[in-house]
Amino acid sequence: MRSKKLIAVGDNCLDAYLTNNLMTVGGNALNVAAQWRRNGWSARYFGAVGNDPEGDVVLAELQGAGLSPDDVERRPGDTAVTLLRDESGDRKFLHESFGVGENYMPAPAHFAVIAAADWVHLGTNANKHLVQRLVADHVPFSIDLSTAHMALPLDGVPLLFASGPDDVDVPIEPSLGALRAAGARQVVLTCGRRGSYFDDGTNVVHAPATLVDVVDTCGAGDSFIATFLAGFHFGGLGALEALHRASIAAAQTCTHLGGFPQRPRPIPDWLPAKYASFIVDAQGAQA
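Below or above, wherever it landed, is the structure these notes cover. (Residues numbered from 1 in each chain as written. Predicted model: local features only at pLDDT ≥ 70, side-chain atom pairs only at ≥ 80, totals over all residues. Heavy atoms only, no water.)

Regarding the overall build of the protein
How we decide: To qualify as a helix, a DSSP run of H or I must reach at least 4 residues; to qualify as a strand, a run of E must reach at least 2; elements of each kind are numbered from the N terminus. Atoms considered for the radius of gyration are the C-alpha atoms alone. The globule rule reads 2.2 Å times the number of residues to the power 0.38. We call a residue buried when its accessible area falls under 20% of the maximum for its residue type, exposed when it is over 50%, and partly exposed in between, using a 1.4 Å probe and counting protein chains only. Contacts are residue-level and defined by heavy atoms, with any inter-residue pair within 4.5 Å sufficient. Methods summary: accessible areas were calculated by the Shrake-Rupley approach with a probe of 1.4 Å, and residue burial reflects only the protein chains presented. In summary, the charge assignment counts Lys and Arg as positive and Asp and Glu as negative, without counting His or the chain termini. Charged groups are reduced to one reference atom each: NZ for lysine, CZ for arginine, CG for aspartic acid, CD for glutamic acid.
Scanning the protein from N- to C-terminus turns up nine helices and 14 strands. Its C-alpha atoms give the protein a radius of gyration of 18 Å, near enough to 19 Å, the size a compact globule of 287 residues would have. The dimensions of the protein, computed from C-alpha atoms along their principal axes, are 55 × 45 × 35 Å. Split into buried and exposed, the 287 residues of the protein put 51% on the buried side. Considering only residue pairs separated by 6 or more positions, the protein has 64% of its internal contacts joining residues 24 or more positions apart. Summed over all atoms, the accessible surface of the protein reaches about 12,500 Å², with 51% contributed by carbon and sulfur. Here the protein carries 21 positive and 31 negative side-chain charges, and the mean point of each set is 6 Å from the other.

Next comes the structure, spelled out in structure tokens:
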């Protein structure tokens with residue numbers, strides 16, 4: 001086990017693929033921690049699940065990935081669930097809930113552990129007060145903004161990941177410039193088949209995407225993040241090589257269901273029943 005202490009904080013979810021009646025466990029922060037763990041890093045995951053059967057599934061799967069259920073709080077309410085239809089490897093969202101993990105703020109004892117880590121990664125939809133506290137306490141960390149580029153305070157954030165345009169005719173400079181102007185010290189912009197870009201305020205480097213026959217894109221960006229962070233900060237890699245290896249890791253994740261290797265579970269009868277109204281509404285909207 002590699003000695004650096006890497007911690008991911010925030011979102012988890014149960015991804016239910018209604019097309020093939022299978023479900024996997026994921027969420028940006030949880031996927032990042034699981035990928036670190038399976039690659040030999042001393043990783044932990046802090047987040048929250050509900051006191052429901054969905055939470056039981058999430059805890060069982062993360063334990064199977066080598067993470068500790070003791071680091072996850074159980075709160076009254078629902079675990080995050082995403083209902084999807086798969087169309088040739090592309091996800092179509094029917095319903096997405098954040099559950100009790102929305103705006104997750106770690107308990108004081110957990111925050112003390114997080115603040116002492118060698119690197120912290122915050123998943124999507126992070127708590128803005130947690131971001132500000134990590135900046136104030138000079139904790140080395142990153143955030144995945146996905147497409148919500150300006151949803152959080154970014155001043156002083158050491159590194160952030162964001163989704164950018166995959167159309168080659170759309171310039172990436174405005175996105176990079178806006179994120180840097182908002183206060184981020186370093187920015188990684190992932191742009192699908194266009195590849196990825198790293199901006200440290202002095203230079204911008206680009207790595208092409210790795211092409212693969214796609215089974216499912218869920219969690220590919222999370223594998224990218226886990227691999228880039230480990231290689232760039234603790235593996236002695238420069239930005240270009242770290243982007244390249246991250247691209248390969250993302251492509252590998254696209255070859256299976258879920259954000260990390262796991263045995264997809266059959267969807268139990270109670271899950272579609274619980275979310276029946278959302279499924280009907282989504283199907284009606286697509287008709």
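Now, onward.
Re the packing of aromatic side chains
Rule in force here: Any pair of Phe, Tyr and Trp rings, taking the six-membered ring for Trp, is counted once the centres come within 6.5 Å. Such a pair is stacked with planes under 30 degrees apart, edge-to-face with planes over 60 apart, and tilted for the rest. Any Lys NZ or Arg CZ found within 6 Å of a ring centre and within 35 degrees of that ring's normal is scored as a charge over the ring.
Here the structure, examined in full by the defined rule, presents five aromatic pairs. Ring centres of F161 and F228 lie 5.9 Å apart, and the angle between their planes is 85 degrees; on these two criteria the pair is classed as edge-to-face. Of the two residues, F161 is situated in strand β10 (residues 159-163) and F228 in helix α6 (residues 220-234); the sequence distance between them amounts to 67 residues. Judged by its relative accessible area of 2%, F161 is buried. Judged by relative accessible area, F228 falls into the buried class, the value being 0%. Following the ring pairs from residue to residue traces out a cluster consisting of F161, F198, F228 and F232. R133 extends its terminal NZ or CZ atom over the ring of F111, reaching a point 3.7 Å from the ring centre.

Overview of the state of the cysteines
The line we're drawing: Our working definition of a disulfide is a cysteine sulfur pair at a distance within 2.5 Å.
Counted according to the given criterion, the structure contains zero disulfides. The cysteine C191 is free of any disulfide, with C254 supplying the nearest cysteine sulfur at 15 Å. C191 gets classed as buried once you look at its relative accessible area, which sits at 1%. Of the cysteine sulfurs around C218, a residue in no disulfide, the closest is that of C13, at 6.6 Å.

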